[in-house]
Amino acid sequence: MFHIPYSGRHHVERLPGAPALQLEGLVARYPGSEVVALQGVQLILPAGVRAALVGPNGSGKSTLLKVVAGLLRPQAGSIRIYGQPVGACHHRVAYLPQRGEVDWRFPVTVERMVLAGRYVHLGWLRQPKRADREQVHMVLEQLGLAALAQRQISQLSGGQQQRALLARALVQEAELLLLDEPLSAVDAASRAIIAGVLDQLSSQGKTALVATHHLDRLAEEYDHVFALEDGLLRDLPAAQMSLELV
Ligand code: ADP
Ligand code: MG
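Residues numbered from 1 in each chain as written. Chains lettered and ligands numbered in written order. Predicted model: local features only at pLDDT ≥ 70, side-chain atom pairs only at ≥ 80, totals over all residues. Heavy atoms only, no water.

The criterion, for reference: UniProt positions are given in the numbering used here, feature names are shortened, and annotations may be inferred rather than shown by experiment.
The name an unreviewed UniProt entry gives the protein chain is ABC transporter, with Candidatus Viridilinea mediisalina as the organism. The UniProt entry for the protein chain carries the following comment under Sequence similarities (unreviewed entry): "Belongs to the ABC transporter superfamily."

1. Quick word on the coordination of the magnesium ion (ligand 2)
The cut-off we apply is this: Water is not part of the atom set, so a site may look incomplete; the donors themselves are N, O and S atoms within 2.8 Å of the metal, or 3.2 Å for Na, K and Ca. Helix and strand assignments come from DSSP, with helices taken as H or I runs of at least 4 residues and strands as E runs of at least 2, each series counted from the N terminus. Burial classification: accessible surface area is computed with a 1.4 Å probe over protein chains only, and a residue below 20% of its type maximum counts as buried, one above 50% as exposed, and the rest as partly exposed.
Bound to the magnesium ion (ligand 2) on the protein side are S62 (OG) and Q98 (OE1), at distances that span 2.0 to 2.3 Å. Of this pair, S62 sits in helix α1 (residues 61-69) while Q98 sits in the loop between β5 (93-96) and α2 (110-115); the two residues are 36 residues apart in sequence, bridging distant segments of the chain. Since its relative accessible area comes to 15%, S62 is described here as buried. The exposure class assigned to Q98 is partly exposed, which follows from its relative accessible area of 25%.

2. Focus: the environment of L72
Residue placement: L72 occurs in the loop between α1 and β4 (76-81). Taking the C-alpha atoms as reference, L72 lies 8.0 Å from A28; in sequence the two are 44 residues apart.

3. Structural notes on helix α5 (residues 188-203)
Short version of the rule: Take the number of residues in a helix, subtract one, and multiply by 1.5 Å to get its expected span. We call two residues in contact whenever any of their non-hydrogen atoms come within 4.5 Å of each other.
Over its 16 residues, α5 runs 23 Å from end to end, which matches the ideal 22 Å to within 8%, given 1.5 Å per residue. Taken together, the buried residues of α5 touch β3 (50-54), α3 (130-142), α4 (158-170) and β6 (176-180). Of the residues one or two after α5, G205 is the one with positive phi, at around 80°.

4. Thoughts on the environment of G25
Position of G25 relative to the elements: it lies in strand β1 (residues 21-29). For G25, a relative accessible area of 25% translates into the label partly exposed. With 18 residues separating them along the chain, G25 and L43 place their C-alpha atoms 9.0 Å apart. Every residue in contact with G25, bar those within four places of it in the chain, is listed here: G40, V41, Q42, A76 and G77.

5. Let's talk about the site of ligand 1
For clarity, the threshold we go by: When at least one non-hydrogen atom of a residue lies within 4 Å of a molecule or strand, that residue is treated as near it. Pairing of N or O atoms within 3.5 Å defines a polar contact, subject to two protein rules: one partner must be a possible hydrogen donor and the other a possible acceptor, and residues neighboring in sequence count only if both atoms are side-chain atoms. Using a 1.4 Å probe, the Shrake-Rupley method yields the accessible areas, and only the shown protein chains count as cover for residues.
Surrounding ligand 1, one finds Y30, V35, A37, P56, N57, G58, S59, G60, K61, S62 and T63. Within the contact set of ligand 1, an oxygen atom lies 2.8 Å away from a side-chain nitrogen or oxygen of K61. Surface burial for ligand 1 is 64%, taken as the share of its 560 Å² of free accessible area covered by protein chains. Here the shell around ligand 1 gets three residues from one element, more than from any other, and that element is α1.

6. A short note on the pattern of salt bridges
To keep things clear, this is the line we draw: The term salt bridge refers to a side-chain nitrogen of Lys or Arg lying within 4 Å of a carboxyl oxygen of Asp or Glu.
Taken as a whole and judged by the stated rule, the model has six salt bridges. A salt bridge links R50 to D199; the nearest nitrogen and oxygen atoms lie 3.0 Å apart. Taken as a pair, R50 in strand β3 and D199 in helix α5 lie far apart in primary sequence, 149 residues in all. We classify D199 as partly exposed; its relative accessible area is 43%. A salt bridge links R118 to D132; its shortest N-O distance comes to 2.9 Å. With R118 in the loop between α2 and α3 and D132 in helix α3, the pair connects residues that are 14 residues apart, well separated along the chain. According to the relative accessible area criterion, R118 is buried, its value standing at 8%. Classification of D132 as buried rests on a relative accessible area of 6%. One connected set of salt bridges, linked through shared partners, spans R118, D132 and E173.

Here it is as structure tokens:
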């Protein structure tokens, strides 16, 4: 239910001037699988940029986000997040999994699930403080989930589940957000709320890498587009990519 990165808990300052994310020769394969999900990916994502990660099903989008989130150890290559290795600072990176990867039958309330996003900030006693709870309530409010705070997550609609996942990522107050299809299968109301939050993040200078299937508005919604195909990456300005893909 809660994704635990493979490395320990640390806090190391970001390297001044470093890109938000830099991947070199990244190779990834799932344990026991023959398929090479990422075959030598190079990527530079400058700080403050909102980038889309596109590509057909199975092209490696989720794998790339998981490797950067520290959930899957790469076989080769290097990852630098603000100039530091994966896990150097867990506060700095928030990961929103694809909705289908979460076990929504897990017996937990919306509030509790979102509070889990604060765990990276808690001290060794792991006890949330009043400030953590206030942060959770502010974000639940922002995402229109305040009235559902005490509901079991199993009772949420698809759009509400997506908003709850985004809430959990937001309370982490990360600088780099890795969002896996945050807008897939959501109703118009949820879509508007989520899109508003993404706009706000970019106006706050945060960096986002967003796996998406929505190719129609790439140039309007993103500064940059990375396109994966069979685990290989192409990298183009959003305007140019829109012309090629649509
Ligand atoms: P996307 O998110 O672009 O649809 P994925 O990153 O999920 O693509 O998948 C990339 C490749 O890795 C595909 O060939 C897929 O079948 C494989 N794959 C994904 N998840 C797993 C897994 N848990 N175990 C084994 N292979 C996987
Ligand atoms: Mg995926």
